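Observations on the model geometry
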Amino acid sequence: MISDESGEPTVKVVCAVGPGPPPSDAVSIGDLLKVSGECVFDDGVPVVYCEYDDVHIVRQSEQVLTIDLLSAAWNLFEGDRISLEGVCEPDASGVLRLRDMDGECSIMMLLDAGVNPLEGHVLADCVLVLDRATMALVLEVSALSPVG
């Protein structure tokens, strides 16, 4: 089953047995895929029938999840340990935030004890939580490393 950013199912993929291992051996949740095959509608849901070699990974999930996407579909990732790449910098009040490379979206960061704050292009190993008191998304960061 493939879903869009809202989490609603958009297409179901059914693979016929083919040469080599099934795509499910290589595909992870969140991967961006290219699927070629015959599309039919089953109870209003599109179903693509294909063979094993008609499924290709375009980008792995580690490269797909962005801060913008995380903000839009946060409920799918709440409480999950994730790795996010972005730009770390303090906001006007001095609170560290991780923002997308285009600068349009950011999430507040709370660094675990022992994690040194870094500014610039970073990779954050973190857990996404919803602060119920402020209703704000927060990244609880357990590791922060420079990228590049």
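Attention in this report is confined to the structure presented alongside it.

Once that is clear, we can look at the nonpolar core. Counting 22 residues, the largest nonpolar core has Leu-70, Leu-84, Leu-98, Met-109, Leu-139, Val-141 and Leu-144 as the members making the most contacts within it. Elements with a contribution of two residues or more to this core: α2 (67-72), β7 (81-90), β8 (96-99), β9 (106-111), β10 (120-131) and β11 (136-146). The leading source of residues in this core is β10, at five residues.

Our next topic: the sheet that holds β10. Strand order in the closed barrel formed by five strands is β7-β8-β9-β11-β10, with mixed pairing between adjacent strands. The sheet shows a mean angle of 55° between the axes of neighbouring strands, direction not considered. Two strands pair when backbone bridges link them, and β10 and β11 are joined in this way by 10 bridges, in the antiparallel orientation. From the neighbouring strand, Leu-130 faces β11, where its bridge partner is Leu-137.

Now for the pattern of salt bridges. Following the criterion strictly, the structure yields three salt bridges and no others. Arg-132 is the salt-bridge partner of Glu-78, the closest N and O atoms lying 3.2 Å from each other. With Glu-78 in the loop between α2 and β7 and Arg-132 in the loop between β10 and β11, this residue pair connects regions lying 54 residues apart in the sequence. With a shortest N-O distance of 3.4 Å, Arg-81 and Asp-125 are connected by a salt bridge. With Arg-81 in strand β7 and Asp-125 in strand β10, the pair connects residues that are 44 residues apart, well separated along the chain. On the basis of relative accessibility, which here comes to 26%, the residue Asp-125 falls in the partly exposed class.

The rules behind each value
Residues numbered from 1 in each chain as written. Predicted model: local features only at pLDDT ≥ 70, side-chain atom pairs only at ≥ 80, totals over all residues. Heavy atoms only, no water. Core = buried A, V, L, I, M, F, W, Y, C linked by side-chain atoms within 4.5 Å. Buried < 20%, exposed > 50% of the residue type's maximum accessible area, 1.4 Å probe, protein only. Helix = DSSP H or I, 4+ residues; strand = E, 2+ residues; numbered from the N terminus. Pairing = 2+ DSSP bridges. Axes fitted to C-alpha atoms, helices over the stretch in contact; angles between N-to-C directions. Salt bridge = Lys/Arg side-chain N within 4 Å of Asp/Glu carboxyl O.

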